[in-house]
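Listed below are the residues making up each chain.
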Amino acid sequence: AEQTGELYRTAEITADGRAPRFSPDGTLIVYETGPRSAPVTRLIRADDSRSVVAELAGSGAVFSPSGRFLALVRVPVTEEITQAEAAVARAQGQAQVAARLRLAWLRMKSARVVVHDLSTRREHEVQAQGLLVASLVSLAEDGTVYFLGGAEGRRTRTDIYEVTVTAREPVIVSTVEGFKTSPVASPSGGTFLFTLTARDPLPPPPDAVRTGERDSLGGPPRGGGDQPTRFGIVDATTRTVTLVEGTSPTFSTDGQTIAYLARSGTENRLMLMPLGGSATVLLRTQDRLAAPTFSPDGRRLAYQKMTRDDWEIYLVQRDGGQETRLTREIQHDVLPRFIAPDRVLAMVGEPRHRRSYLYDLSTGRRTRLFHNNTVRTISPEYAWAVSPDGKKILIEADRDGDTVSPEHGVYLVDLDHRVTKADLIARLERNLASETALRNRAEEMYRPLAEEIRRAVAQVSVARIYEYEKALFDFDSKHISQPGHQKAAEYLHRMFSAFGYQPEYQWFEPRGAYGGRAANVIATLRGTENPDLIYVISSHYDSVAAGPGADDNSSGTAALLEAARVLAGRPLPATVVFAAFTGEESGLLGSREFVRRAREGRAKIMAVLNNDTIGWTNDARLDNTIRYTSAGIRDVQHGAALLFTRLITYDSRYHQSTDATSFVEAYGQIVGGFGSHPILGSPHYHTASDVLETINHRLIAETCKATVAAIMLLASSPSPVKDLRVVRLDATRAEVTWSPSPEQDVRMYLVEYEPSRGSPQRLRVTAPRVVLRNVTGGKVSVKAVNARGLEGWDWAWITLPTDQNGR
């Protein structure tokens, strides 16, 4: 079960939810759902997810200690907020930043704090007039609410406020100067922790945004000196504050002791301090520390320690003895938390692709906690909540592998129930059927080109790939601010020329560029039949300023160069552009410039394969992730890997913060490509240790082969048809049309649909229209077929209305 998916029984609570957590007694689950502009807080029974206890408008809910009362923040829908939301949708660039700041300020200004009695269903509102309400901190049993907020206008501080039903105005309980953030309440709710920061955590007033006083949400213009070094302890009863030099404070389970981190010179310390007492040093080390947490009985702590350049989880007794290392994964191990005295929940990876694991401290065994039980598609996780008894865990995740859509799912993992043998067999049968179907589709789609592709990929050379990597590596940092950037551009131009291309520089002048300008380097393989249709293979060749960027992204650039060399003597029906972008690490600058010029020239870009960070592996497996927005391209790439390489491919609908985003914004869902994120994450990512010795050159070669095979099929096949629509519909008949395919050799179109009765049907038509009989709704899919028998690489589809009135 662990090898193929989940070991513990997991139930989907919702496909659209966020911020899941349990009530104090563990009987209720609360999560937020709906659009973020109008969120709904939903409460369900933990033992019956179909039983909805309440649905309340608002977000940021906190329970009272008994669980009877719930406080949340409710923002009324006003005309001013509606107009501000519309302004965000219209704006672009810096104007959108300002629009988002104004909207955030308006929402916090309008926020109302509501206390709901779950037993009587009555609620009342407490006043927070004249303040921005950032987040709720705690709710006392008598209805007293504590929240983090600040003045509506220009601020010199933020605070934790206390507000009651009878109070005329909120009262500050964090009675020291400065910006407070990250508030945490003790289990009893009578004591709070906050972090002091130099950066205002709340949005500035609109006049400050217009005058450019602040450039981002929650703070002054970017610069140094804003790293937190102190935290505060607030006694809510006496309203006294104790300031402590340190960071990352956390309460013990009984709320009587605080653990935190401190620094003295080059020494890092793990500290313990009883409330009202003096701090003692628990651990001293030269290594970085983070995320301390207590065991339920308070006898030991878990924490992160930077071991060389990798976060690992360690344990130590409360007296400072018996420090032991819990994890040994080369990827970062982070965010430990005890769920029982002998069980720890911790995460592996970076924030955009974390996965959860359970550690049995008595046996040392590690168990993967969550999965989607499929062979290919992966499930990034984002948030976790543990029930009070430690037997159930709520996880917010993209279980469908779609990281692009804003919707996340919420899932309940029951640690008391493992999957059954019947569950496991059914899972294996589903996976086998899916894999068999994928291979069969791959063999069918590639059959007309298979031998030609095999001859091409056989020319991919690991030795040549290493030569490209070594040359790029020797330029050191290729950040646009460094001289290695221009040296790399000149090298790429020389190599494209040596392959027989006539490459071009796309010069532009980004701020901070070395020498005042930077360049994409472009080589073009002109198509033989459809030269105006363009397929792009791209990578970025710049690196972060800190280091040489062997994996990020000399690996992708080496694959780009080798693909260009292999295909140089093999022109395809459509044009292939090999694009080496600069400035990705500075904000996708090069790809945005490429796309801007393409749009100006009305270039017909049909699909893009963007490879980024493809060379790292932590074992002998040659794994890589297909990052796509087009399911058709995803399947083409899976097929390429299955049939022509030793590559093991996963997939995730993903493009954020990569050059693929530039194409999605301008051309829509036309993107595929490979990258280690979000399934694998090198611990050397964005560091000076991202060097040649840490990457697998065979992996890059196999990824290059899959890229060559995929682009050969894509550029030889019809693109998806456009403008599919219903032009006539009556009780039993539908006429559907689409634009003629732009490829010169299209001979027919395949049409699939489901009639009102019977099994799905497939038709072949020669004109871009079809009349379907005996249909009263359902999905109609269309793709083109060319003279070589190659089908379009993705379906276009439309859902028919169920009757002639469009219902």
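What this report covers is the structure whose coordinates are included nearby.

Calculation criteria
Residues numbered from 1 in each chain as written. Predicted model: local features only at pLDDT ≥ 70, side-chain atom pairs only at ≥ 80, totals over all residues. Heavy atoms only, no water. Pairing = 2+ DSSP bridges. Helix = DSSP H or I, 4+ residues; strand = E, 2+ residues; numbered from the N terminus. Contact = heavy atoms within 4.5 Å. Axes fitted to C-alpha atoms, helices over the stretch in contact; angles between N-to-C directions. Salt bridge = Lys/Arg side-chain N within 4 Å of Asp/Glu carboxyl O.

### Overview of the sheet that holds strand β34 (residues 518–525)
- With mixed pairing, the six strands of this open sheet are ordered in space as β33-β34-β36-β35-β37-β40. Taken across any chain shown, the strands that pair with only one partner, and hence form the sheet edges, are β33 (504–508) and β40 (671–672).
- Across two bridges, strand β37 (residues 604–610) lies against β40 in parallel orientation. Pairing of Leu 609 across the sheet is with Gly 672, part of β40.
- In the packing of helix α8 (residues 550–567) onto the sheet, contacts are made with β34, β35 (530–540) and β36 (574–581), and the angle to β35 comes to roughly 145°.

### Structural notes on unusual backbone geometry
- Across the junction of Asp 552 and Asn 553, the peptide omega takes the value 10°, indicating a cis bond.
- Inspection of the secondary structure assignment puts Asn 553 in helix α8.
- A positive phi is found at Leu 588, a non-glycine position, where the angle reads about 60°.
- Of note, Leu 588 is situated in the loop between β36 and α9 (589–600).

### Quick look at the environment of Lys 180
- Looking at the secondary structure, you find Lys 180 in strand β14 (residues 179–185).
- Between the C-alpha atom of Lys 180 and that of Phe 231, which follows or precedes it by 51 residues, the distance is 8.5 Å.
- Residues in contact with Lys 180, not counting those within four places in the same chain, are Leu 148, Arg 157, Thr 158, Asp 159, Ser 174, Phe 194, Thr 195, Leu 196 and Pro 201.

### Considerations on the pairing of strand β43 (residues 733–737)
- Bridge count between strand β42 (residues 725–729) and β43: four bridges; the pairing is antiparallel. By the bridge assignment, Val 726 is partnered in β43 with Val 736.
- Between β42 and β43, which pair antiparallel in sequence order, lie three residues.

### Side note on the sheet that holds strand β38 (residues 623–628)
- Overall, mixed pairing links the three strands, which are arranged β39-β38-β41 in an open sheet. Among the strands making up the open sheet, the edge pair consists of β39 (648–653) and β41 (674–675).
- The sheet contact formed by β38 and β41 spans two bridges and is antiparallel. Looking across to β41, one finds that Ile 626 is bridged to Phe 674.

### Thoughts on the pattern of salt bridges
- Throughout the structure, instances matching the rule amount to 40 salt bridges.
- A salt bridge links Arg 454 to Glu 451; the shortest N-O distance between them is 2.8 Å. With Arg 454 and Glu 451 both in helix α5 (residues 450–457) and three residues apart, this pair spans about one turn of that helix.
- When salt bridges with common partners are traced through the structure, they connect Arg 157, Asp 159, Glu 177 and Lys 180 into a single cluster.

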